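# A structural walkthrough
Here are the chains, one letter per residue:
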Amino acid sequence: MSDSENKPTLGRKPLGLKRSVEAGEVKQTFSHGRTNKVVVEVKRRKLIGKPGAPEAVVAAPEPAPAPAPVAAPPKPAAPKPAGPAGETRQELQARLLREAEEARLQMGEEANRREQEERQRALEDEKRRVEDNRKAEAQVEAAPATAPEPELDAGPEMVEAADEGEAPRAGAPAPRRFTPVAQPKRPEPAAPAPKKSAHPRDKGGDQRRHAGKLTVSRALNEDEGARARSLAALKRAREKEKRAHFAGQSQPREKQSRDVVVPEAITVQELANRMAEKGADLVKALFKMGVMVTVNQTIDQDTAELLVEEFGHTIQRVSESDVDIDTAEDVDAPETLKTRPPVVTIMGHVDHGKTSLLDALRGTDVVRGEAGGITQHIGAYQIKTKGGELITFLDTPGHEAFTEMRQRGANVTDIVILVVAGDDGLMPQTVEAINHTKAAGVPMIVAITKSDKPEYNAQKIRERLLEHEIVVEAMSGDVQDVEVSAKSGAGLDQLIEKILLQAELMELKANPDRTAEATVIEAKLDKGKGPLASVLITRGTLKVGDILVVGTHSGRVRAMLDDKGRQVKLAPPSLPVEVLGIGGVPMAGDTLTVVDGEARAREVAAYRAEKATAKRTTSAPASLENMFSALAAKQAVIEYPVVIRSDVQGSTEAIVNALNKISNDEIKVRILQSGVGAITESDVSLAQASGAPIIGFNVRPNAKAREMLDRQKVRMKYFDVIYHLTEDVAKEMAGIWGPERIEHVLGRAEVKEVFPAGKRDKAAGLLVVEGLIKKGLFARLTRDDVIVSKTTIASLRRFKDDVAEVRAGLECGVVLADTNDIKPGDHLEVFEVEERERTL
């Protein structure tokens, strides 16, 4: 709209369309960079009145009522006049903007004033509440302890409860702000001082939560009153009052005595935790005792006991061995025991017919499968007699190297059958078997075998047994004897009858309805099945799925095989089975125990492994003297290193013992590694690094190990009979040891004179005192019984002639090789050296 359009026109107006509404935008600018756009509409209308009257322009937001039909100009119904009639569009917009700003500022001032009043009222309420609390506490202190609790005025608390969202009913008592017990007086909290913030945002943060937008006047008003406390601050103040109140009324608690479990060794901090004491207090007490430790150091059980008693607790001593399973205390009740089959061990000298006798009883042929026709493993079998009774047999090796196997067999058995060949008599291993049987305290039955041979003499055997305090029934003793022949089968039924009779007298019983216990007879590492253990169930019933601990290994029974290779689900007492599922190859003779869970099995196995490691690595206290003596001894001894691999654990054990027996003070076998199973790459690497041969007993290397053997040229020795192995190793050790040097003294002479011989050498004039002196022999020159030099006789003369030898009582002259340190009065000893091949 232009200026000419607002002027009154007297003449005719040009024709055209005019817009009745003009629209525009006004941009408002506030503090902190905030802006706002306002749309302003200007509406124009023509008034009906006197001709030539000007048109009134009013703002659209303030509509006016319809004009009255009178000649006078109408008055709009706006609260303020619309302005002069000759006002331009720009002036109108500026005026409207100014009026809107004034109205907004006025509303902001009113809100600010209301907020100041609310804040002042809250401060007064807080002061009043603190004063009421103080008065109520004073009343409680003055009143007796049994007086009823006073009720506080609810008036000033209603505002606060409303602020916290509790909304109490009108007239209802306010929540209690105190507990009616005696407490020391506290200073009255002062009203919070008004804070002035340097930043307008910090100043108006709490106000914005209550009053909305930040206004210009509020931001610029530096003289505002103190900032009101927030709800969180009020809650914190109340919690602080409660804590102070409880601290004032609390009394020192009575010392609680605890039962403290103390192992053999414990750290100070762990002991403090078990006693519920501070670690620093324990360290202080130890310092007073003269023990300088920190909380992380370990103390022994006795020191811990002193600490526990000083702090008023009770000690419970425990040992680490409590973790282990003690089967000695676990005794079955007599009413739970049931009859079990007897366990019979066959023992005797090598090649006396033990396995052949067992084959005749079982109806099998095990001998044919044995290398060299001798047993080198311990075997377990169960047979059923014609009457239906079960008997478990253990077949032990007779070779001298398998002493420990025989000892194990005697320890797990009920009856021992001592096999003696009627044509051979008592031999060393027969005597050893008798001693094992006596040590184990088990009854014995003597089986005199090979009764089909012409040189058989049973009476001679009975008489020889008397030397070892064994009196058979035929000679009025209590030891049963029977003459048998495995070849013809004669006497086998009598042998079985005597076994059953002896078992009946012993009343062998076990509890089958409990967790199983078994003894490992033999163990090996199978290529397809993994670790296998042949076990003999001593009590309980072993089931597939049982969790077990055997030695330092744990596992779960995956499968069980009997002596004929058939799978079984249950293994009652006295049944020998082969168990699959153990974590490693156990040692023969270990006890297999079934436990409740895998965690317990792992705990026991870990404890046993730790103890075994500690036992293996324990050494004497080190000192310089010990170190030097050990070093000198090591240099003096020749070592023969070997790596041993065998098919079963018992054979490994026997080979190690046999090789240690052939060692002596000058040369000894050093076993770098021994194990069960095929020869692997690690064995080859170890042997190659130390220059040792690998000894394989009934095992072979795998494919990769064979390649490494060819590539690294490592020596490999295979054996299947143990005495072949020991003979070979002894022969090789003797070769390394070297021949034995033996000195034979042939003559002695005394030096009478020393003459020059040539430019550098000296000749000695000798008187042969004893024996004879030959040219070219070894000689020792001594002075005052101290060896001056060790040399040879380079030249021997009598008068001026060279001679081969000079006998006792004659004089001669000699030139000694490589020495001129000769003086009259010295003695010359002539000897020769003989070398002999050593044997081990």
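The structure presented is a predicted model; accordingly, all values stated were derived computationally and were not measured. Throughout this description, residue numbers start from 1 for each chain and increase along the sequence as written. Note on the predicted model: pLDDT of at least 70 is required for a residue's local features to be given, and 80 or more for side-chain atom pairs to be given and counted; whole-chain, interface and lining totals, by contrast, use all residues. To get the side-chain values, all heavy atoms of the structure are used, and hydrogens and water are removed first.

For the rest of this paragraph, the subject is the overall build of the protein. By definition, any uninterrupted DSSP run of H or I lasting at least four residues is a helix, any uninterrupted run of E lasting at least two residues is a strand, and each is numbered from the N terminus. If you tally the helices and strands in the protein, you get 20 helices and 36 strands. Relative to its 840 residues, the protein shows a buried fraction of 38%. Within the protein, residue pairs in contact and separated by at least 24 positions form 65% of the contacts whose partners lie at least 6 positions apart. With residues, only the protein chains shown are counted as cover, and all accessible areas are computed by Shrake-Rupley using a 1.4 Å probe. For the protein, the accessible surface area stands at approximately 49300 Å², while carbon and sulfur atoms represent 51% of it. Remark: exposure states derive from per-residue accessible area (1.4 Å probe, protein chains only) relative to the maximum for the residue type, with buried under 20%, exposed over 50%, and partly exposed in between. Any two residues having at least one pair of non-hydrogen atoms within 4.5 Å are treated as being in contact.

Here we take up the packing of helix α10 (residues 354-362) against helix α14 (residues 492-506). Two elements in contact, α10 and α14, have axes whose closest approach is 11 Å; the angle formed by their N-to-C orientations is 90°. Between α10 and α14, the interaxial angle falls into the category roughly perpendicular. Counting all contacts with α10, which are made through Leu357, Ala360 and Leu361, the residues of α14 involved are Leu492, Leu495 and Ile496. Throughout this entry, Asp, Glu, Lys and Arg are counted as charged residues, while Ala, Val, Leu, Ile, Met, Phe, Trp, Tyr, Cys and Pro are counted as nonpolar. The remaining residues, Gly among them, count as polar. Residue classes in the contact of α10 with α14 are distributed as six nonpolar, no polar and no charged. Here an angle of 0 to 180 degrees is reported between the N-to-C directions of two axes, which are lines fitted to C-alpha atoms, with helices fitted over the stretch in contact. Oblique is the label for any angle not covered by the other classes, which are roughly parallel (under 35 degrees), roughly antiparallel (over 145) and roughly perpendicular (65 to 115).

Here a cavity denotes a set of grid points, spaced 1 Å apart and computed over the protein atoms alone, in which a 1.4 Å probe fits but from which it cannot get out, and a pocket denotes an open set meeting protein on both sides within 12 Å along at least five of seven lines; residues with an atom within 4 Å of a point are reported as lining. Grid points are joined across faces, edges and corners, and a volume is the space filled by probe spheres set on the points. Within this model, the second largest pocket holds a volume of roughly 760 Å³. Taken together, 20 residues line the second largest pocket, and the ones lying closest to its centre are Val585, Met587, Arg616, Gln649 and Ser674. Secondary-structure elements contributing two or more residues to the lining of the second largest pocket are α15 (598-617), α17 (649-661) and β26 (667-676). In terms of residue count, α15 provides more of the lining of the second largest pocket than any other element does, five residues in total. Here the residues of the lining of the second largest pocket are counted per class, giving eight nonpolar, eight polar and four charged.

This brings us to the sheet that holds strand β12 (residues 415-421). On the basis of which strands lie adjacent, the open sheet formed by six strands has the order β10-β11-β9-β12-β13-β14 and mixed pairing. The sheet terminates laterally at β10 (379-384) and β14 (480-483), the two strands that pair on one side only. Taken pair by pair, the neighbouring strands of this sheet meet at an average axis angle of 25°, ignoring direction. Pairing between strands is defined by DSSP: at least two bridges between the two strands are required. Note that β12 and strand β13 (residues 444-449) share six bridges and pair parallel.

The next point concerns unusual backbone geometry. A positive phi angle is found at Glu469, which is not glycine, with a value near 60°. Mapped onto the fold, Glu469 is located in the loop between α13 (458-465) and β14. At Ser574, a position not held by glycine, the phi torsion is positive, near 70°. Its relative accessible area of 1% is what places Ser574 among the buried residues.

Generally speaking, soluble globular proteins have nonpolar side chains that are buried together. Remark: nonpolar core denotes a set of buried residues (Ala, Val, Leu, Ile, Met, Phe, Trp, Tyr, Cys) joined through side-chain atoms within 4.5 Å. Ranked by size, the top nonpolar core spans 22 residues in total, and within it Phe393, Ile417, Leu495 and Ile499 carry the most contacts. Of all the secondary structure elements, the ones that give two or more residues to this core are β9 (343-348), α10, β10, β11 (390-395), β12, β13 and α14. Examining the composition of this core, we find that five residues originate from one element, α14, more than from any other. Counting residues in hydrophobic clusters, the runner-up holds 20 residues, among them Ala516, Met560, Val577 and Ile582.

Let's shift gears to the confidence of the model for the protein. pLDDT is a residue-level measure of predictor confidence that goes from 0 to 100. Overall, the prediction assigns the protein a mean pLDDT of 76, with 74% of residues at 70 or greater. Counted against residues more than four places away or in other chains, residues 187-208, with its pLDDT under 50, gives 27 contacts.

Note: α-helices contain 3.6 residues per turn, so residues at a spacing of three or four share the same orientation. Expected helix span is computed as 1.5 Å times (number of residues minus one). Compared with an ideal rise of 1.5 Å per residue, which puts 13 residues at 18 Å, α17 spans 19 Å between its outermost C-alpha atoms and is within 8% of the ideal. Summarising burial for α17: ten of the 13 residues are buried, a large majority. Listed in full, the buried residues belonging to α17 are Gln649, Gly650, Ser651, Thr652, Glu653, Ala654, Ile655, Val656, Ala658 and Leu659.

In space, the four strands of this open sheet follow the order β26-β25-β27-β28, with parallel pairing throughout. Among the strands making up the open sheet, the edge pair consists of β26 and β28 (716-719). On average, each strand axis in the sheet is tilted by 25° relative to the strand beside it, whichever way the strands run. Here strand β25 (residues 638-646) pairs with strand β27 (residues 694-697) via four bridges, running parallel. Bridged to Val643 within β27 is Ile694. Set on the sheet, α17 makes contact with β25, β26 and β27; between it and β26 the angle comes to about 175°.

What follows covers the side chain of Asp562. Of note, Asp562 is situated in the loop between β20 (553-561) and β21 (567-568). Given the relative accessible area of 12%, Asp562 is considered buried. Within the structure, the side chain of Asp562 is placed 2.8 Å from the backbone nitrogen of Arg566, a separation counted as a polar contact. When near neighbours in sequence (up to four residues on either side) are disregarded, Asp562 contacts Val568 and Pro576. We define a polar contact as two N or O atoms separated by no more than 3.5 Å, with the added condition that, inside protein, one atom must be a possible hydrogen donor and the other a possible acceptor, whereas residues neighbouring each other in sequence contribute only through side-chain atom pairs.

Turning next to the packing of aromatic side chains. Here is the rule: rings of Phe, Tyr and Trp (six-membered ring for Trp) pair when centre to centre is within 6.5 Å. Planes less than 30 degrees apart are stacked, more than 60 are edge-to-face, and the remainder are tilted. Applying the stated rule across the entire model yields one aromatic pair. Ring geometry for Phe778 against Phe831: centres 5.9 Å apart, planes inclined by 20°, an arrangement best described as stacked. With Phe778 in strand β31 (residues 778-783) and Phe831 in strand β36 (residues 827-836), this pair connects stretches of sequence that are 53 residues apart. Residue Phe778 is classed as partly exposed on the basis of its relative accessible area, which comes to 38%. Sitting over a ring, as applied to charges here, requires NZ of Lys or CZ of Arg to be within 6 Å of the ring centre and within 35 degrees of the ring normal. Note that Arg700 overlies the ring of Tyr718, its terminal NZ or CZ placed 4.2 Å from the centroid.

Within this document, salt bridges are pairs made up of a side-chain nitrogen of Lys or Arg and a carboxyl oxygen of Asp or Glu, the two lying within 4 Å of each other. The tally for this structure, following the rule as stated, stands at 38 salt bridges. The salt bridge partner of Glu99 is Arg95, with a shortest N-O separation of 3.2 Å. Highlighted residues: Glu99 and Arg95, both in helix α2 (residues 89-142), separated by four residues, approximately one helical turn. Here Glu99 falls in the partly exposed class, since its relative accessible area comes to 23%. In this structure, the salt-bridge partner of Arg715 is Glu732, at a minimum N-O distance of 2.4 Å. Note that Arg715 is positioned in the loop between α19 (703-712) and β28 and Glu732 in helix α20 (residues 722-737), a separation of 17 residues in sequence.

This part covers the pairing of strand β24 (residues 591-594). Direction of pairing for strand β16 (residues 517-526) relative to β24: antiparallel, over a ladder of three bridges. In the strand pairing of β24, Glu517 is matched with Thr593.

Moving on, we get to the side chain of Lys498. Residue placement: Lys498 occurs in helix α14. Charge counting treats Lys and Arg as positive and Asp and Glu as negative, with His and both chain ends excluded. Although Lys498 is buried, it makes no salt bridge; Glu473 carries the closest opposite charge, 4.4 Å away. Each residue touching Lys498, except ones within four places of it in the same chain, is listed here: Ile445, Glu473, Gln480, Asp481 and Val482.

Our focus in this paragraph is the pairing of strand β23 (residues 576-582). With six of seven residues buried, β23 is to be regarded as a mostly interior element. With five bridges connecting them, strand β17 (residues 530-539) and β23 associate as antiparallel partners. Within the sheet, the bridge partner assigned to Leu536 lies in β23 and is Pro576. Here β20 runs beside β23; their pairing, made up of four bridges, is antiparallel. Residue pairing in the sheet places Gly555 in a bridge with Ile582 of β23.

A separate point is the environment of Arg539. With respect to the helices and strands, the residue Arg539 is situated in strand β17. In this structure Arg539 comes out as buried when scored by relative accessible area, which is 13%. Placed 25 residues apart in sequence, Arg539 and Arg514 show a C-alpha to C-alpha distance of 7.8 Å. At a separation of 2.9 Å, a polar atom in the side chain of Arg539 contacts the side chain of Glu517.

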